[in-house]
Amino acid sequence: MNLLLVIIIGLLYTAGLYMMMRRSFVKVIIGLILLSHAANMLIFTVGRITKGNPAFLNKDGAIFEPFSDPLPQALILTAIVIGFGVQAFAIVLFKRAYQTAGTDDLDEMKKTDED
Amino acid sequence: MLIALPIISPFFFGILMMLFWKNFKAHSYLNLFSSVVSVIISVLLIDRVIEQGIITLQIGGWKAPFGIVIVADLFSSIMVVITAVIGFATALYSMATMDHDREKFGYYPLLQILLMGINGAFLTGDIFNLYVWFEVMLISSFVLLALGGKREQLEGAIKYVTLNLLSSALFLAGVGILYGLAGTLNMADLAVKLPNLEDPEMTTVVSILFLIAFGIKSAVFPLFFWLPASYHTPPAAVSAVFAGLLTKVGVYALIRVFTLIFVNDISFTHTIILVIAALTILTGVLGAAAQMNFRRILSFHIISQIGYMIMGLGLFSSLAIAGGILYIIHHIIVKTNLFLVSGFVNELRSTYDLKKLGGLYKLYPLVGLLFLIPALSLSGIPPLSGFWAKYSVIKAGIELDEFYIVAVALFVGLLTLFSMTKIWHEVFWKKNPEEEKTFNTINNTKQKVLSFLPIILLALITIIIGLNVEPFFNIAQKAADQLLNPEIYIKAVLGN
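On a predicted model such as this, the values are computed, not experimentally measured, just so you know.

Definitions and cut-offs
Residues numbered from 1 in each chain as written. Chains lettered and ligands numbered in written order. Predicted model: local features only at pLDDT ≥ 70, side-chain atom pairs only at ≥ 80, totals over all residues. Heavy atoms only, no water. Helix = DSSP H or I, 4+ residues; strand = E, 2+ residues; numbered from the N terminus. Buried < 20%, exposed > 50% of the residue type's maximum accessible area, 1.4 Å probe, protein only. Contact = heavy atoms within 4.5 Å. Areas by Shrake-Rupley, 256 points an atom, 1.4 Å probe, with all protein chains shown as cover. Lys, Arg positive; Asp, Glu negative; His and termini not counted. Charge placed at Lys NZ, Arg CZ, Asp CG, Glu CD. Polar contact = N/O pair within 3.5 Å; in protein donor to acceptor, adjacent residues only side chain to side chain. pLDDT = per-residue confidence, 0-100. 1 Å grid on protein atoms, 1.4 Å probe; cavity = no way out; pocket = protein on both sides within 12 Å on 5 of 7 lines; lining within 4 Å. Points joined across faces, edges and corners; volume = space filled by probe spheres on them. Nonpolar A, V, L, I, M, F, W, Y, C, P; charged D, E, K, R; others polar. Core = buried A, V, L, I, M, F, W, Y, C linked by side-chain atoms within 4.5 Å.

Visitor: Is there a simple way to think about the overall build of chain B in this case?
Guide: For chain B, the helix and strand inventory stands at 21 helices and two strands. With respect to the three principal axes, the spread of C-alpha positions in chain B is 75 × 55 × 40 Å. The buried share among the 496 residues of chain B stands at 66%. For chain B, the share of sequence-separated contacts (at least 6 apart) that also reach a separation of at least 24 residues comes to 81%. With an accessible surface of roughly 17,000 Å², chain B has 68% of that area assigned to carbon and sulfur atoms. Averaging the coordinates of the 30 positive side-chain charges in chain B and doing the same for the 27 negative ones gives two points 12 Å apart.

Visitor: What should I look at first to understand the side chain of Ser385(B) in this one?
Guide: All names here are of chain B. Along the polypeptide, Ser-385 turns up in helix H17 (residues 385-399). Accessibility expressed as a relative area gives 1% for Ser-385, which makes it buried. Side-chain polar atoms of Ser-385 contact the side chain of Ser-377, separated by 3.0 Å.

Visitor: Which parts of the structure should I look at to understand the confidence of the model for chain B?
Guide: As a note on interpretation, predicted positions should not be read in detail where pLDDT is low. Residue and element names in this part refer to chain B. For chain B, the average pLDDT comes to 91, and 99% of its residues sit at 70 or higher. Highest mean pLDDT in chain B belongs to helix H5 (residues 107-123) (95); lowest belongs to helix H15 (residues 360-363) (83). This prediction of the complex comes with two scores: 0.94 for pTM and 0.92 for ipTM.

Visitor: Looking at this structure, I do not really get empty space enclosed by the protein. What am I missing?
Guide: The rolling of a water-molecule-sized probe over the atoms marks out the regions of remaining empty space. Taken as a whole, this structure holds five cavities of 30 Å³ or more when the rule is applied. Considered as a void within the structure, the largest cavity measures approximately 170 Å³ in volume. If you go around the largest cavity, you meet 17 residues; those closest to its centre are Ser36(A), Gly83(A), Gln87(A), Tyr131(B) and Leu165(B). Secondary-structure elements contributing two or more residues to the lining of the largest cavity are helix H2 (25-46) and helix H3 (71-101) of chain A together with helix H6 (127-146) and helix H7 (151-182) of chain B. When residues of the lining of the largest cavity are assigned to their parent elements, the largest contribution, six residues, is made by H2(A). Taken together, the residues that form the lining of the largest cavity break down as eleven nonpolar, five polar and one charged.

Visitor: For this particular structure, what's the right way to read the nonpolar core?
Guide: Proteins that are soluble and globular tend to have nonpolar side chains buried together. Residue and element names in this part refer to chain B. Ile-127, Phe-171, Phe-294, Ile-325 and Phe-371 are the most contacted members of the largest nonpolar core, which totals 225 residues. For this core, the element with the most residues is helix H14 (residues 318-349), which contributes 19 residues. Those residues in contact with Phe-371, other than ones at most four positions away along the chain, are Phe-294, Leu-338, Val-341, Met-420, Ile-423, Trp-424 and Phe-428.

Structure representation (structure tokens):
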């Protein structure tokens with residue numbers, strides 16, 4: 001299970017970075033989203049995963065080892081909410097830029113380099 | 001309670017403004033009032049920190065390391081004080097120059113939330129909380145940058161947003177791995193637990209992740225490209241706040257984690273930082289030499305100056321870090337001032353292009369003088385503040401026999417002077433190339449006073465630091481000593 005997650009995280013990072021290097025707006029946004037998912041999954045995996053068990057105590061009320069740490073999941077929750085807001089903003093920003101500039105090619109975004 | 005006020009106060013006023021959204025006249029006055037309150041709070045805070053040492057607040061009564069803790073040591077409180085001063089200066093300047101369209105769309109509440117995020121980042125003692133404050137600061141800066149919707153602004157915002165989100169994702173991954181290693185997020189607790197890990201090499205790996213994440217935010221050598229692409233696009237008041245404060249939050253975070261948490265392998269990590277510093281100092285100033293736009297030149301100089309601060313961290317001696325802190329104080333004040341002056345020139349001539357500007361000294365000698373003070377300070381001419389800041393870091397470099405970086409720092413000082421004289425010549429000295437075009441005149445006395453006042457105020461601070469550097473240096477020295485003795489910080493946060 002862990003190995004599978006690790007491979008998925010690696011794939012998400014690769015895909016995210018690849019998409020961010022594309023020239024189209026939409027692909028850059030998809031890249032950003034994948035990248036934040038990758039970071040979230042990474043934290044999730046780091047907090048250890050136990051299959052089919054309750055959080056701390058087993059059925060008899062005794063602590064079992066190794067239990068999965070709930071804190072990373074709380075962190076991810078925060079990160080997902082923040083990421084959601086920021087990505088929503090980014091999408092609107094890219095849309096406005098597309099409307100104003102009339103292109104979705106990042107290579108055409110040269111206006112800031114002119115004096 | 002006092003320690004949480006620099007965060008609560010801007011938040012309160014930001015919310016208050018949102019309650020009567022349409023009355024933007026009231027926004028501007030509330031903004032000014034809030035900035036005065038922040039100055040008072042921050043001065044009280046630093047006074048108490050000097051008196052009592054590091055003070056902490058365990059939020060909700062959850063004891064560290066389990067709850068989130070707010071910590072004010074000297075370095076944090078210095079940063080909070082400067083933030084408040086810059087907030088005040090921009091509040092005045094915004095009242096004079098901000099257009100109604102931006103005011104209508106909540107410019108002032110956004111500014112307050114931005115200041116809240118910055119103060120939060122300076123005061124938090126928890127690394128995940130630092131991430132949250134970074135995001136608070138980023139999202140309000142995104143909106144401030146894009147507000148107005150002109151094409152350059154949107155393009156600048158795209159570059160700024162994309163690269164900063166990338167940095168946030170790296171930061172978040174770093175936090176996650178760090179938690180996996182040490183099982184804690186409290187910075188003091190991390191400092192205790194990381195040296196006892198089974199494989200300390202992992203700490204170094206994570207530290208590089210943090211170096212990259214904070215490096216993007218503070219615009220160091222290979223990661224700075226978002227800065228000159230975006231800082232010259234928003235109105236002068238906005239770019240003045242950004243230029244003064246935002247990158248310095250990144251520098252603050254770098255100094256914090258690389259003096260408290262990642263000190264296990266100094267010979268490796270801090271050498272990298274030193275090399276980056278040298279390259280940042282050099283590329284920033286060379287980039288500036290090629291530009292012909294007032295604010296783009298200044299933007300490239302931010303990068304170059306960041307290098308000097310990072311150099312203080314990389315040298316890692318008491319004097320070097322004190323010099324770095326003094327440099328941050330000096331730089332924030334001077335840089336904000338230069339952007340405000342550039343904004344004033346733009347008010348008069350409606351352009352930032354050096355080729356189109358000229359002849360301003362003849363008509364407005366006072367503006368010329370007010371440009372010259374921060375410009376000379378930036379290039380490190382005695383007796384202004386920049387001289388002492390440069391002197392301290394360079395002296396620390398000589399003491400540690402790091403002659404390469406000292407040579408770079410001294411050489412770049414000259415090039416900075418060259419850049420500043422270029423602006424001086426093109427904007428103020430040479431003949432006006434567009435004789436037929438008349439100057440915009442600012443007849444409104446209130447507007448004139450409000451835009452001159454912050455410029456004069458910041459210029460005065462530069463001169464005061466320059467002529468009477470001792471108290472400022474002493475406080476920077478004390479802050480550096482606190483940073484170099486993490487035990488004090490750890491004891492203040494965790495108790496015994």
